[in-house]
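Residue-level listing of the chains:
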Amino acid sequence: MILTTACALDCYDACKIKVTEGMFPKMTGDNEHPAGDGSLCTFLNRSIHNEVRIEKPRVNGVEVTMDEAMHAVYNAFKKEASLLWRGSGNMGVMQEVTNLFLERMNGTLTHGSLCDGAGDAGIVAGRGVNRVLPLEQIKEADTVVIWGRNVTVTNAHIMPFLAEKNIVVIDPVNTVIAKKAECHIQIQPRSDIYLALALVRILVMEDRQDNEWLEKFAPEYKAFFDFICEFKMSSLLGYCGVDLDEVKAMIPYLCDKKVVFLVGTGVQKYTTGDTVLRAIDSLAATLGMFGKKGCGVHYLSNSKLGFDNPFDVVCKTVSKVTTEFSDFDTVFIQGGNPAESMPDSTRVCKSLEKVENLIYFGLYENETSKRANIVIPAKNFFEKEDVRLSYGHHYVEKMNKIVDSHIGISEYAFTQYLFDAFRLKGLESEEHYIRVWLNQCKKEDGNYVSAGYEDIPYAQGFGKGGNEPFIFINKLDDSFFYSADVDKRFYFLSSKTSKALNTQFKRDTKIQIHPKVGYLEGDKVKISSNYGVVELEVVLNEHIRSNCVLVTSNTLGVNFLTPTMQSNEGENACYQEVKIQIEKI
Ligand SMILES: Nc1nc2c(c(=O)[nH]1)N[C@H]1C(S)=C(S)[C@@H](COP(=O)(O)OP(=O)(O)OC[C@H]3O[C@@H](n4cnc5c(=O)[nH]c(N)nc54)[C@H](O)[C@@H]3O)O[C@H]1N2
Ligand SMILES: Nc1nc2c(c(=O)[nH]1)N[C@H]1C(S)=C(S)[C@@H](COP(=O)(O)OP(=O)(O)OC[C@H]3O[C@@H](n4cnc5c(=O)[nH]c(N)nc54)[C@H](O)[C@@H]3O)O[C@H]1N2
Ligand code: SF4
Ligand SMILES: [Mo]
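Residues numbered from 1 in each chain as written. Chains lettered and ligands numbered in written order. Predicted model: local features only at pLDDT ≥ 70, side-chain atom pairs only at ≥ 80, totals over all residues. Heavy atoms only, no water.

1. Quick look at the pairing of strand β8 (residues 143-147)
Alright, step 1. Of all 5 residues making up β8, 5 are buried, and the element is well covered by its neighbours.
Alright, step 2. Burial along β8 is two-sided: T143, V145 and W147 and V144 and I146, pointing in opposite directions, are all buried.
Alright, step 3. Bridge count between β8 and strand β9 (residues 166-170): 5 bridges; the pairing is parallel. From the neighbouring strand, V145 faces β9, where its bridge partner is V168.
Alright, step 4. One ladder, built from 5 bridges, connects β8 with strand β11 (residues 259-263); its direction is parallel. For T143, the partnering residue across the bridge sits in β11 and is V259. (Buried < 20%, exposed > 50% of the residue type's maximum accessible area, 1.4 Å probe, protein only. Helix = DSSP H or I, 4+ residues; strand = E, 2+ residues; numbered from the N terminus. Pairing = 2+ DSSP bridges.)

Okay, structure coming up:
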């Protein structure tokens, strides 16, 4: 018999998984699924099975039974002020069932994002809603512009959709996909807004904008073209660190073609992150690339769009980025590792250490579990029922329990225990919630698809009702730039790696530096920013711009370097709004 589920790891692909039962159960992808090619990645083939789990609950460092540990959780929630801080370790919808308990306890949740919130805010400002661009439309494109997304590492199952396209890459790193591209703009970090505006200027100068589409769907375009005339072309290109010919080389791939922009989180890890997506959307609109076949901007979409979420609650919230944990008596960390994944680890760890009852509910030991006085092992996604939505495509998968395990407790069982302990009423059955999600999905060729799915998004227009105009970027407030001569510090890139899923799986202690800078492979260096210091080992990488360094998100201590700061819109972390210095040890 074949059982099916979906991968719950935080990844664009949300792969469907087939498991063959028997003496030697075998796990594969599903090559009949429209978003998959039958393969899974090494996280599913190896890492997740090899990683050492937390098996026993602990209270104050002592191993106890699950019942004793849950009793300690019950006592902790009797305190006045409680906070639930949830990470993205498991993307199943059932993670949010714990909201129902926090609401009843008058507890606090978080708002904002460590991930894609700035870009999302920029998209919403221009388009009204952040709809997913279906993979099928990417397949129809002539040109795909891959803008700050490391597709071969973070989104490998999109590769078949890119076959035989003109590929243009905009990335400060000469990534694997950049090497294969027709055109690679090795842009200076944090300057994507200026590149988008420079491209619009060139298009307008050459009269290549789509007047017909603009008149109908984006009537404010003349004001937008006037606005961008305020910027001198030489300044725009200066910020980007590229010359006019390089930028002009992109034009033939953008004009008289169906163009899809695949934008990743790389471009928006800054205070101006919202404006970056708005500027890229404004470029796409200038070309008339919305609401037509084979066109659009694909970013991390709002996967819950169109659903009534049974776990939406009315609660107080605090920022997920600048959370002051010490303001609470009880802090409940679920599916996340804030001691390492949040920016500004010095501040975060100090704040976590002051919490009287710190509860960690997860799979693995890490810097957060070490600081917790109550540790509750979770079940992993093979061990419980769930529903998987995706921010990268519109397919929805029912996640079936594949194995029975003596380890851990599910989020639903955790919530049920606390409802019972506090004698609360109103929690429905697990099956009920799963059905609520699935019943809202549409069905297409035997697959569940998202309630908010449109095959050609924005075909009728923008806004929630699809009858509003596109709103162009109309202001820019950015004071980060100063002369490269004055500031000799390095730009800081902190992206993903194929070895880890954020802080899950393999950890690292390396910094990637261009050989021209003068360090040798294996050198031990002290890296410092305005926020902290970390010691790392040099790996030479000639594929990064020489004024940048790259420290991947699985690196121990990486967030000692990053700032407690939120994007101007979207309340997102700004991991790259920082420059660093290097010193040999
Ligand atoms: N420097 C730097 N920092 C970054 C980033 C970066 O690129 N650079 N990226 C940011 C981004 S995009 C993100 S999304 C965040 C991610 O940050 P977090 O959301 O904190 O994710 P992880 O650090 O991967 O930790 C996930 C945890 O979830 C637990 N877990 C897994 N499955 C389950 C489950 O089913 N139930 C429960 N209860 N727990 C489970 C695991 O034990 C694991 O420790 O990190 C951000 N931090
Ligand atoms: N293997 C693996 N896959 C993952 C993850 C993982 O940890 N490991 N994490 C998952 C998560 S949580 C997320 S949010 C997604 C994110 O996945 P992606 O969207 O791919 O994001 P990043 O890896 O952060 O950065 C992507 C690219 O942006 C480039 N970049 C950095 N700064 C800039 C800039 O200022 N301008 C431009 N144009 N480019 C820039 C980087 O060099 C990098 O190549 O991946 C998911 N998939
Ligand atoms: S590619 Fe992404 S969704 Fe697919 S198995 Fe790997 S981590 Fe999971
Ligand atoms: Mo993320």
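2. Description of the environment of G335
Alright, step 1. Within the secondary structure, G335 sits in the loop between β14 (330-334) and α15 (338-341).
Alright, step 2. Residues contacting G335, with those up to four places away along its chain left out, are G87, S88, G89 and F361. (Contact = heavy atoms within 4.5 Å.)

3. Quick notes on the environment of Y239
Alright, step 1. Looking at where Y239 falls in the secondary structure, it is placed in helix α11 (residues 233-240).
Alright, step 2. Taking the relative accessible area as the measure of exposure, Y239 reaches 30% and is therefore partly exposed.
Alright, step 3. Sequence spacing of Y239 and L83 is 156 residues, and the spatial spacing of their C-alpha atoms is 42 Å.

4. Quick look at the side chain of N130
Alright, step 1. Note on placement: N130 falls in the loop between α4 (117-127) and α5 (135-139).
Alright, step 2. Looking at N130, its side chain comes within polar contact range of the main-chain oxygen of L300, at 3.0 Å.
Alright, step 3. Other than its neighbours up to four places away in sequence, N130 contacts D120, I123, V124, Y299, L300, S301, N302, L305 and Y458. (Polar contact = N/O pair within 3.5 Å; in protein donor to acceptor, adjacent residues only side chain to side chain.)

5. A look at the pattern of salt bridges
Alright, step 1. The tally for this structure, following the rule as stated, stands at 25 salt bridges.
Alright, step 2. Between K292 and D210 there is a salt bridge; the shortest N-O distance is 2.8 Å. Pair noted here: K292 is in the loop between α14 (273-286) and β12 (296-298) and D210 is in the loop between α8 (192-205) and α9 (211-217), with a separation of 82 residues, a long-range link.
Alright, step 3. The class for K292 is partly exposed, based on a relative accessible area of 32%.
Alright, step 4. Residue class for D210 comes out buried when judged on its relative accessible area of 18%. (Salt bridge = Lys/Arg side-chain N within 4 Å of Asp/Glu carboxyl O.)

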